[in-house]
Amino acid sequence: MKQMINDVENVYVEDILKAHHLLKDVVTHTPLQKNEQLSDKYQCNIYLKREDLQVVRSFKIRGAFNKIKQLDTEQTKNGIVCASAGNHAQGVAYSCKQLKIHGKIFMPSTTPRQKVSQVELFGKEYVEIILAGDTFDDAYQKAVASSEEEQRAFIHPFDDFDVIAGQGTVAVEILNDTDVEIDYVVASVGGGGLISGVGTYFNSISPNTKMIGVEPEGAPALYNSRLEDKVITLDKIDKFVDGAAVKKVGNKTFSICKDVVEDVLLVPEGKICTTILELYNENAIVAEPAGAMSIAALDFLRDQIKGKNIVCVVSGGNNDIGRMQEIKERSMIYEGLQHYFIVNFPQRAGALREFLDEVLGANDDISRFEYTKKNNKDQGPALVGIELKQREDYQPLLQRMKKKGFYYTEVNKDSNLFHLLI
């Protein structure tokens, strides 16, 4: 069953309930946990919907299995195909093995190795993985071409009503597991499948609940589309939040979001990294960047959520341990604790010693030092990374460099130079 909202076909609540019944023996009914630490910090009641504990460590299994199960034998005789940055691929792979259907899975070449390995683990002999392009959109084009050439059923990661209905089962569990009235649900947005499904169910069952979508600052596809009141394609994106870094949201999901989403917030990638580290260190929760976005957004909602009941969907926990150094680095840069400079050392004896003794503060550490020229090091500039104990130490550091005649370029403030050197 479908309903029409503002003359646009939409997923109906019955579709979500049917998906919930279909999935009850397939997916994990993930816990809804009140987090006392976050509740105290924001002076409200924060509940975490732990989709990071799902069978494939993300909510994507819900939509993938619900979609594939709707297909008949004729539609799957040549197998299926999908494109994914990682989590949808795992859901499709798991479904392929369960339903004994062959799947061809296209993933960006930039996908963390951990996610590729998980796809192999869940799908085993039922899946073939092809790494193509640098972004989800690149892989998507290849998957569509494969679907047409090989007559494989295409399993869209978000812009499909059966997929959206499957993701909406997250909302069924949330409302079944709580007796309190939920004021806000905060969820990550990539292509929009999760928030469309969850928002549709809440809009029908708990219409006073406000849906807040969260996107990474470097991939504001839904945010910009709302400003233009039409689906737009971003020219470029920051690929760091791989589970939500898409250039374009779905046409179906955008139409639904216009009706069910109250607001969309953009969160800097560095803030997301800080949140990942805090979740791990303080709560022993391993969240991937997209999974941490809903919690990272709380700082930007602090005033309006005070005294309210908030559900944050932790949408996934597929984080590659190999990325932790980059995550720490991005966090420290965002927090103002890690800075990089190109420093021109004065052409005098003892200049480096003077820099160490009289420019660095008592609590400052050099985290990186390398000359930019292999020859004539004594007179060449150097790339210097400095780690501060607190943000307030930055301006005094700059003042000491100027006073001592150390001319410098702030690499952090030059995006081209930063990406080239760091």
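The paragraphs below set out a description of the structure included in this document. Since this is a predicted model, take the numbers as computed values, not measurements. (Residues numbered from 1 in each chain as written. Predicted model: local features only at pLDDT ≥ 70, side-chain atom pairs only at ≥ 80, totals over all residues. Heavy atoms only, no water.)

**Thoughts on a nonpolar patch on the surface**
Stage number 1. A contiguous nonpolar patch, built from Leu 352, Leu 356 and Ile 366 and spanning about 200 Å² of accessible area, is present on the exposed surface.
Stage number 2. Tracing the backbone through its elements, the reader meets Leu 356 in helix 17 (residues 351-359).
Stage number 3. Exposure remark for Leu 356: the relative accessible area of 32% places this residue in the partly exposed category. (Patch = residues over 30% accessible without salt bridge, like charges linked within 9 Å, V, L, I, M, F, W, Y side chains within 5 Å. Areas by Shrake-Rupley, 256 points an atom, 1.4 Å probe, with all protein chains shown as cover. Salt bridge = Lys/Arg side-chain N within 4 Å of Asp/Glu carboxyl O. Helix = DSSP H or I, 4+ residues; strand = E, 2+ residues; numbered from the N terminus. Buried < 20%, exposed > 50% of the residue type's maximum accessible area, 1.4 Å probe, protein only.)

**Quick word on the sheet that holds strand 9 (residues 184-188)**
Stage number 1. A sheet is described by the order of its strands in space; here six strands give the open sequence 3-4-12-9-10-11, paired in mixed fashion. Only two strands of the sheet have a single neighbouring strand rather than two, namely strand 3 (32-34) and strand 11 (263-267). Shown here is a sheet whose adjacent strand axes are inclined to one another by a mean of 25°, direction ignored.
Stage number 2. Pairing geometry for strand 4 (residues 45-50) and strand 12 (residues 309-314), over six bridges, is parallel. Paired with Asn 45 across the strands is Asn 309, a residue of strand 12.
Stage number 3. Contacting strand 9, strand 10 (210-216) and strand 12, helix 10 (residues 193-205) crosses the sheet at an angle of about 175° to strand 10. (Pairing = 2+ DSSP bridges. Axes fitted to C-alpha atoms, helices over the stretch in contact; angles between N-to-C directions. Contact = heavy atoms within 4.5 Å.)

**Re the sheet that holds strand 15 (residues 382-387)**
Stage number 1. Read from one edge to the other, the open sheet built from four strands follows the order 14-15-13-16, with strand pairing classed as antiparallel. Looking at the sheet topology across the chains shown, the edges are occupied by strand 14 (365-371) and strand 16 (407-410). Across this sheet, the average inter-strand angle for adjacent strands is 25°, counted without regard to direction.
Stage number 2. The strands touched by helix 16 (residues 324-334) within the sheet are strand 13 (338-344) and strand 15, with strand 13 carrying the most contacts at an inclination of about 80°.
Stage number 3. Against the sheet, helix 18 (residues 394-403) contacts strand 13, strand 15 and strand 16, and its axis sits at roughly 5° relative to strand 13.

**Some thoughts on the environment of Lys 69**
Stage number 1. With respect to the secondary-structure elements, Lys 69 resides in helix 3 (residues 60-70).
Stage number 2. Note on Lys 69: relative accessible area 42%, which makes it partly exposed.
Stage number 3. In this structure the C-alpha to C-alpha distance between Lys 69 and Leu 99, which are 30 residues apart in sequence, comes to 8.0 Å.
Stage number 4. Excluding residues within four positions of it along the chain, Lys 69 makes contact with Leu 22 and Leu 99.

**Considerations on the packing of aromatic side chains**
Think of a pair of aromatic rings as described by two things: how far the centres are apart, and how the planes are tilted against each other in angle.
Stage number 1. Per the stated rule, a full pass over the model turns up twelve aromatic pairs.
Stage number 2. Aromatic side chains Phe 341 and Tyr 394 sit 6.3 Å apart centroid to centroid with 20° between the ring planes, which places their arrangement in the stacked category. Taken as a pair, Phe 341 in strand 13 and Tyr 394 in helix 18 lie far apart in primary sequence, 53 residues in all.
Stage number 3. Taking the relative accessible area as the measure of exposure, Tyr 394 reaches 10% and is therefore buried. (Phe/Tyr/Trp six-rings, centres within 6.5 Å; stacked < 30°, edge-to-face > 60°.)

**Digging into the side chain of Lys 67**
Stage number 1. Tracing the chain through its elements places Lys 67 in helix 3.
Stage number 2. A relative accessible area of 13% means that Lys 67 is categorised as buried.
Stage number 3. Residues within four places of Lys 67 in sequence aside, it is in contact with Ile 155, Asp 160, Asp 162 and Val 163.

**A short note on helix 18**
Stage number 1. Considered for burial, the residues of helix 18 that qualify are Tyr 394, Leu 397, Leu 398 and Met 401. Looking down the long axis of helix 18, one finds its buried residues gathered within 100° of arc, a one-sided arrangement. Among the exposed residues of helix 18, those pointing more than 90 degrees away from its buried face are Gln 399 and Lys 403.
Stage number 2. Those residues of helix 18 that are buried lie in contact with strand 13, helix 17, strand 15 and strand 16. (Arc of directions from axis to C-beta.)

**Side note on the nonpolar core**
Stage number 1. Core analysis: the biggest nonpolar cluster contains 48 residues, and Val 11, Val 185, Leu 194, Val 198, Phe 202, Leu 222 and Val 311 have the highest contact counts within it.
Stage number 2. If you tally residues by element for this core, the top one is helix 10, at five residues.
Stage number 3. In terms of nonpolar packing, the next biggest core, distinct from the first, is built from 34 residues, Ile 276, Leu 277, Ile 305 and Val 314 among them. (Core = buried A, V, L, I, M, F, W, Y, C linked by side-chain atoms within 4.5 Å.)

**As for empty space enclosed by the protein**
Stage number 1. Within this structure, the stated rule accounts for one cavity of 30 Å³ or more.
Stage number 2. As a volume, the largest cavity reaches approximately 340 Å³.
Stage number 3. Lys 60, Gly 190, Gly 191, Gly 243 and Ala 244 are the residues nearest the centre of the largest cavity, which is lined by 29 residues in total.
Stage number 4. Listing elements by their share of the lining of the largest cavity, those giving two or more residues are helix 5 (87-99) and helix 10.
Stage number 5. At three residues, helix 10 tops the list of elements feeding residues into the lining of the largest cavity.
Stage number 6. In the lining of the largest cavity, the residues fall into twelve nonpolar, 13 polar and four charged. (1 Å grid on protein atoms, 1.4 Å probe; cavity = no way out; pocket = protein on both sides within 12 Å on 5 of 7 lines; lining within 4 Å. Points joined across faces, edges and corners; volume = space filled by probe spheres on them. Nonpolar A, V, L, I, M, F, W, Y, C, P; charged D, E, K, R; others polar.)

**Here we look at the layout of surface pockets**
Stage number 1. In this structure, the largest pocket spans a volume of roughly 970 Å³.
Stage number 2. Around the largest pocket, the lining comprises 26 residues; the ones closest to its centre are Asp 238, Arg 330, Ser 415, Phe 418 and His 419.
Stage number 3. The set of elements that each furnish at least two residues to the lining of the largest pocket consists of helix 13 (269-283), helix 16 and helix 19 (415-421).
Stage number 4. Across the lining of the largest pocket, the residue classes tally to eight nonpolar, seven polar and eleven charged.
Stage number 5. In this structure, the second largest pocket is lined by 13 residues; those nearest its centre are Tyr 140, His 156, Phe 158, Lys 248 and Val 249.

**Comments concerning the pattern of salt bridges**
Side-chain pairs of opposite charge can arise where the charged atoms are in close proximity.
Stage number 1. Tallying each qualifying case throughout the model produces 24 salt bridges.
Stage number 2. Here Lys 67 and Asp 162 are joined by a salt bridge, their closest N and O atoms 3.8 Å apart. Here the residue Lys 67 occupies a position in helix 3, and Asp 162 occupies one in helix 8 (residues 161-167), the gap between them amounting to 95 residues.
Stage number 3. On the accessibility criterion, Asp 162 (22% relative accessible area) is partly exposed.
Stage number 4. We note a salt bridge from Arg 302 to Asp 299, for which the minimum N-O separation is 3.0 Å.
Stage number 5. We classify Arg 302 as partly exposed; its relative accessible area is 34%.
Stage number 6. Taken together, the salt bridges that share partners define one network made up of Lys 49, Glu 51, Arg 62 and Glu 173.

None of the figures reported here should be taken as evidence of function without further support.
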